[in-house]
Amino acid sequence: FRRMDVRLAEKLLALAENGTLMSTHAQLAAELGTAREVVSRQLAEFQRRGWISMTRGQITLSDIAALTAHAEAPD
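Residues numbered from 1 in each chain as written. Predicted model: local features only at pLDDT ≥ 70, side-chain atom pairs only at ≥ 80, totals over all residues. Heavy atoms only, no water.

Side note on the overall build of the chain
Regarding its fold elements, the chain presents 4 helices and 3 strands. For 75 residues, the compact-globule formula gives about 11 Å, and the C-alpha radius of gyration of the chain, at 11 Å, lands near that figure. Projecting the C-alpha coordinates of the chain onto the three principal axes gives extents of approximately 30 × 25 × 20 Å. When each of the 75 residues of the chain is scored for burial, the buried share is 35%. In the chain, once contacts between residues fewer than 6 apart in sequence are set aside, the share between residues at least 24 apart is 52%. Surface accessibility of the chain: about 4,500 Å² in total, with carbon and sulfur atoms responsible for 51%. In the chain, the 9 positive side-chain charges and the 9 negative ones have mean positions that sit 6 Å from each other. (Helix = DSSP H or I, 4+ residues; strand = E, 2+ residues; numbered from the N terminus. Rg over C-alpha atoms; globule rule 2.2 N^0.38 Å. Buried < 20%, exposed > 50% of the residue type's maximum accessible area, 1.4 Å probe, protein only. Contact = heavy atoms within 4.5 Å. Areas by Shrake-Rupley, 256 points an atom, 1.4 Å probe, with all protein chains shown as cover. Lys, Arg positive; Asp, Glu negative; His and termini not counted. Charge placed at Lys NZ, Arg CZ, Asp CG, Glu CD.)

Spelled out as structure tokens, the structure:
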């Protein structure tokens, strides 16, 4: 069991094609086995940090290096 923020960063990196993925918060939550609200809060934090930008149904990875470093951070 890894922290949800780390698991979400890994999932975003895995699903993104050319730095963009088409997915809803609910779809990501279902894939990660958590609540949509948890995913929404974490995505908002990633956006606040400048790592991603979001529009309806689309997430763009703005700082892939930072997301990768976060995903690989030891627990």
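With respect to the pairing of strand β3 (residues 58-61)
Only one face of β3 is covered, namely the one carrying I59 and L61; the face carrying Q58 and T60 has none of its residues buried. With 3 bridges joining them, strand β1 (residues 20-22) and β3 adopt antiparallel strand pairing. When the sheet's bridge partners are listed, L21 is paired in β3 with I59. The pairing of strand β2 (residues 52-55) with β3 spans 4 bridges and is classified as antiparallel. By the bridge assignment for β3, I52 is matched with L61. Connecting the antiparallel pair β2 and β3 is a turn made up of 2 residues, with G57 showing a positive phi of about 75°. (Pairing = 2+ DSSP bridges.)

Describing helix α3 (residues 36-48)
In an α-helix, one turn spans 3.6 residues, which is why side chains three or four residues apart end up on the same side. Between its first and last C-alpha, α3 extends 18 Å over 13 residues, near the 18 Å set by a 1.5 Å rise per residue. All buried positions along α3 are accounted for by V39, S40, Q42, L43 and F46. Lining the buried residues of α3 we find α1 (4-15), α2 (25-32), β2, β3 and α4 (64-71). Positioned one or two residues after α3, G50 has a phi angle of 85°, which is positive. (Expected span 1.5 Å × (residues − 1).)

Re the sheet that holds β3
Reading across the sheet, the 3 strands line up as β1-β3-β2 and stay open at both edges, with antiparallel pairing between neighbours. A strand with exactly one partner marks an edge of an open sheet, and here the two such strands are β1 and β2. Averaged over all pairs of adjacent strands, the angle between strand axes in this sheet comes to 15°, irrespective of strand direction. (Axes fitted to C-alpha atoms, helices over the stretch in contact; angles between N-to-C directions.)

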